[in-house]
Amino acid sequence: QSIAQEVVGLFCMVLLTLTALVANTVVMIVILKTPLFRKFIFVCHLCVVDLLSAIFLMPLGIISSSSCFNRVIYSIAECQALIFLNVCFICASILTISIISVERYYYIVHPMRYEVKMTIRLAVAGVIFIWVKSVLITILVLVGWPQGNGATSASRCTVYWSPGAHKEIFVIIFSIACFVLPTVIIFAVYCRVYRVARMASQQHAPAQAQAVVPRHRSDSIASQVTIITARNLPLPRLMPERFLGSNKAILTLVLIVGQFLCCWLPFFAFHLHSSFTAGTVGGGHGEMVVTWIAYSSFAINPFFYGLLNRQIREELARLRRSCLNRPLGQELCPSVSEASVQENFLLFLQRATCTLETHASCISPSPRNRLDQTKMSFPIPGQVPEESS
């Protein structure tokens, strides 16, 4: 049974590592190859941090977690470097997620202010702030380490087994700065975004109810039946549509916020508990489990913050077809160059809360509508008008 558990655990760790490597690389390449996507600097930065974590942290985490590498020995300097990278990349990833949530908040709630103030200089300043704060917090974990040429096993080269004299102070500062405050920011921001989206969906419903009523009245019996039917039927259809859109918005918010909590809450709760109850947590099995639950965030982030974006998916499909030398064909949705540069989760949320009128505008016009549009257009000089049958 222990061998089977070891094989399953090793397979899951390797699968998470490969997923993080491939997904973050793909999203980062799509953003960098498309000039219009270069404003997605925080999403690209998140992919860079998660990719570095998949290259350095996750393989070393496999060595520290698997019993197949029990004989691996690290020197004190190597163990310090590993813990430094571990804490630094975790801080950078979480802080980037919190900044992305703030960016989306300003994009949907204050769009004019966002267009004016969101510049490349401000984005670079945000990235510098992330790394400076991450490095300063990480330095605390190295305070009080023993000096010399000592050695330790790979399984004990973790934050839990850190011999630092001020480990309790570090864990408290680390948890507050990199988990508690970002969690409060993410909760507040996405709750505000949901309220705005819900208000927008409620404002569209009365306009749609008025739009379905015929403008011209007629005395015929058929027209009166049509008026009665149009006044009575659309309302039961609009309410479930709006309710369904609201549920989609709630589901999207629950997925994003829930994914963040599920990945990072066990990790920080474990270290806070172990710092105040030293010696009560036996072995390193608990830390291995919570660490890999946290590491799974590096593989999930590119899907939630990158591939969830419609533009990135379309550009990825276009690059795939171009690599396979397939014709692009006609797309139902607008091209990436014609779409807004800053479409993110926000437009996905707006589409989730859109109503029947918004869906009707996304559908290509019918041949009858095209004929009506042709009749409404200006005549071309010298053109012989065609008689419709």
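Residues numbered from 1 in each chain as written. Predicted model: local features only at pLDDT ≥ 70, side-chain atom pairs only at ≥ 80, totals over all residues. Heavy atoms only, no water.

- Going by an unreviewed UniProt entry, the protein carries the name GPRX protein and comes from Crotophaga sulcirostris.
- The record held by UniProt for the protein lists under Subcellular location (unreviewed entry) the comment "Cell membrane".
- Of the protein, the UniProt comment under Sequence similarities (unreviewed entry) reads exactly: "Belongs to the G-protein coupled receptor 1 family." (UniProt positions renumbered as here; feature names shortened; annotations may be inferred.)

### As for the UniProt feature "transmembrane region" (unreviewed entry) in the protein
Here's step 1: This chain's UniProt record puts "transmembrane region" (unreviewed entry) on residues 6-31, 40-63, 83-102, 122-145, 169-191, 249-269 and 289-308.
Here's step 2: Between the end C-alpha atoms of residues 40-63 the distance is 34 Å, and the span holds 96% helix and 0% strand.
Here's step 3: Across residues 83-102, helical content stands at 100% and strand content at 0%; the span's end C-alpha atoms are separated by 29 Å. (Helix = DSSP H or I, 4+ residues; strand = E, 2+ residues; numbered from the N terminus.)

### Focus: a nonpolar patch on the surface
Here's step 1: A surface patch of nonpolar side chains, amounting to about 880 Å² of accessible area, comprises Ile120, Val124, Ile128, Val132, Val135, Leu136, Ile139, Leu140, Val143, Ile169 and Ile173.
Here's step 2: When residues of the nonpolar patch are traced back to their parent elements, those giving at least two are α5 (120-141) and α6 (167-211).
Here's step 3: Counting residues per element, the nonpolar patch draws most heavily on α5, at eight residues. (Patch = residues over 30% accessible without salt bridge, like charges linked within 9 Å, V, L, I, M, F, W, Y side chains within 5 Å. Areas by Shrake-Rupley, 256 points an atom, 1.4 Å probe, with all protein chains shown as cover. Salt bridge = Lys/Arg side-chain N within 4 Å of Asp/Glu carboxyl O.)

### Notes on helix α9 (residues 285-307)
Side chains of residues three or four places apart in an α-helix project in the same direction, reflecting 3.6 residues per turn.
Here's step 1: Here α9 contains 23 residues, and its C-alpha end-to-end distance of 33 Å stays within 8% of the 33 Å for a straight helix at 1.5 Å per residue.
Here's step 2: Within α9, the axis deviates most sharply at Ile300, by approximately 45°, and proline Pro302 lies no more than four positions further along. (Expected span 1.5 Å × (residues − 1). Bend = angle between axes of the 7 residues up to and from the residue.)

### Re the state of the cysteines
Here's step 1: If you walk through the whole model with that rule in mind, you get one disulfide.
Here's step 2: At a sulfur-sulfur separation of 2.2 Å, the disulfide partner of Cys79 is Cys157. Where Cys79 bonds to Cys157 through sulfur, the torsion about that S-S bond is close to 125°, and the disulfide is right-handed. Of the two residues, Cys79 is situated in helix α3 (residues 76-109) and Cys157 in the loop between β2 (151-153) and α6; the sequence distance between them amounts to 78 residues.
Here's step 3: Overall, Cys79 belongs to the buried group, its relative accessible area being 2%.
Here's step 4: Given a relative accessible area of 3%, Cys157 falls into the buried group. (Disulfide = S-S within 2.5 Å. Buried < 20%, exposed > 50% of the residue type's maximum accessible area, 1.4 Å probe, protein only.)

### Considering the packing of α3 against α9
Packed helix pairs are characterised by how far apart their axes lie and by the angle those axes make with each other.
Here's step 1: Close contact between α3 and α9 brings their axes to 12 Å; oriented N to C, the two are set at 25°. Classified by the interaxial angle, the pair formed by α3 and α9 is roughly parallel. Helix-helix and strand crossings are classified by hand; for α3 and α9 the assignment is left-handed. Contact residues: Asn86, Ile90, Ser93, Ile97, Ile100 and Arg104 in α3; Tyr295, Phe298, Asn301 and Tyr305 in α9. (Axes fitted to C-alpha atoms, helices over the stretch in contact; angles between N-to-C directions. Parallel < 35°, antiparallel > 145°, perpendicular 65-115°, else oblique. Left-handed = near helix turned anticlockwise from the far one by under 90°. Contact = heavy atoms within 4.5 Å.)

### Quick look at the nonpolar core
Here's step 1: Ile83, Ile90, Phe170, Phe174, Trp264, Phe268 and Phe298 are the most contacted members of the largest nonpolar core, which has 67 residues in total.
Here's step 2: For this core, the elements supplying multiple residues, two or more each, are α1 (2-33), α2 (41-65), α3, α5, α6, α8 (234-276), α9 and α10 (310-323).
Here's step 3: Of all the elements, α3 adds the most residues to this core, at 14 residues.
Here's step 4: Contact partners of Ile90, with chain neighbours within four places excluded, come to Phe174, Trp264, Phe267, Phe268 and Phe298.
Here's step 5: Within the second largest apolar cluster, five residues are counted, among which are Tyr105, Ile108, Val189 and Val193. (Core = buried A, V, L, I, M, F, W, Y, C linked by side-chain atoms within 4.5 Å.)

### Some words on the pattern of salt bridges
Side chains that differ in charge, positive against negative, can pair when their charged atoms come close.
Here's step 1: Applying the stated criterion across every chain yields a total of one salt bridge.
Here's step 2: Close ionic contact of Glu315 with Arg318 constitutes a salt bridge, the shortest N to O distance being 2.6 Å. Of this pair, Glu315 and Arg318 both sit in helix α10, three residues apart, which is roughly one turn of the helix.

### Thoughts on the environment of Ala165
Here's step 1: Here Ala165 shows up in the loop between β2 and α6.
Here's step 2: C-alpha of Ala165 to C-alpha of Val143: the two residues are 22 residues apart in sequence and 6.9 Å apart in space.
Here's step 3: Each residue touching Ala165, except ones within four places of it in the same chain, is listed here: Val143 and Gly144.

### Quick look at the confidence of the model for the protein
Here's step 1: Residues with a pLDDT of 70 or more make up 68% of the protein, whose mean pLDDT is 74.
Here's step 2: Counting interchain partners and residues more than four positions distant, the pLDDT-below-50 stretch residues 220-245 has 24 contacts. (pLDDT = per-residue confidence, 0-100.)

### Side note on the side chain of Thr158
Here's step 1: Residue placement: Thr158 occurs in the loop between β2 and α6.
Here's step 2: Sequence-distant contacts of Thr158, that is, excluding residues within four places in its chain, are made with Ile83 and Glu287.

### A closer look at the packing of aromatic side chains
Here's step 1: For the structure shown, the criterion picks out 15 aromatic pairs.
Here's step 2: Ring geometry for Phe267 and Phe268: centres 5.3 Å apart, planes at 85°, overall edge-to-face. Each of the two residues, Phe267 as well as Phe268, counts as buried.
Here's step 3: Taken together through their ring pairs, the aromatic side chains of Phe170, Phe174, Phe179, Phe260, Trp264, Phe267, Phe268, Trp292, Tyr295 and Phe298 make up a single cluster.
Here's step 4: The ring of Trp161 has Arg156 lying over it, and the distance from NZ or CZ to the ring centre is 4.1 Å.
Here's step 5: In this arrangement the basic side chain of Lys167 is found over the ring face of Tyr160, its NZ or CZ atom lying 5.5 Å from the centre. (Phe/Tyr/Trp six-rings, centres within 6.5 Å; stacked < 30°, edge-to-face > 60°. Lys NZ or Arg CZ within 6 Å of the ring centre and 35° of its normal.)

### A few points about the packing of α2 against α3
Here's step 1: Relative orientation of the contacting elements α2 and α3 amounts to 150°, with a least axis distance of 9 Å. It follows from the interaxial angle that α2 and α3 lie roughly antiparallel. Relative to α3, the crossing made by α2 is left-handed. Residues Phe42, Val43, His45, Leu46, Val49, Asp50, Leu52, Ser53, Phe56, Leu57, Leu60 and Ser64 of α2 form the contact with α3, whose own contacting residues are Leu82, Leu85, Asn86, Phe89, Ala92, Ser93, Thr96, Ile97, Ile99, Ile100 and Glu103.
Here's step 2: Each residue belonging to the contact of α2 with α3 can be placed in one class, and the counts come to 15 nonpolar, six polar and two charged. (Nonpolar A, V, L, I, M, F, W, Y, C, P; charged D, E, K, R; others polar.)

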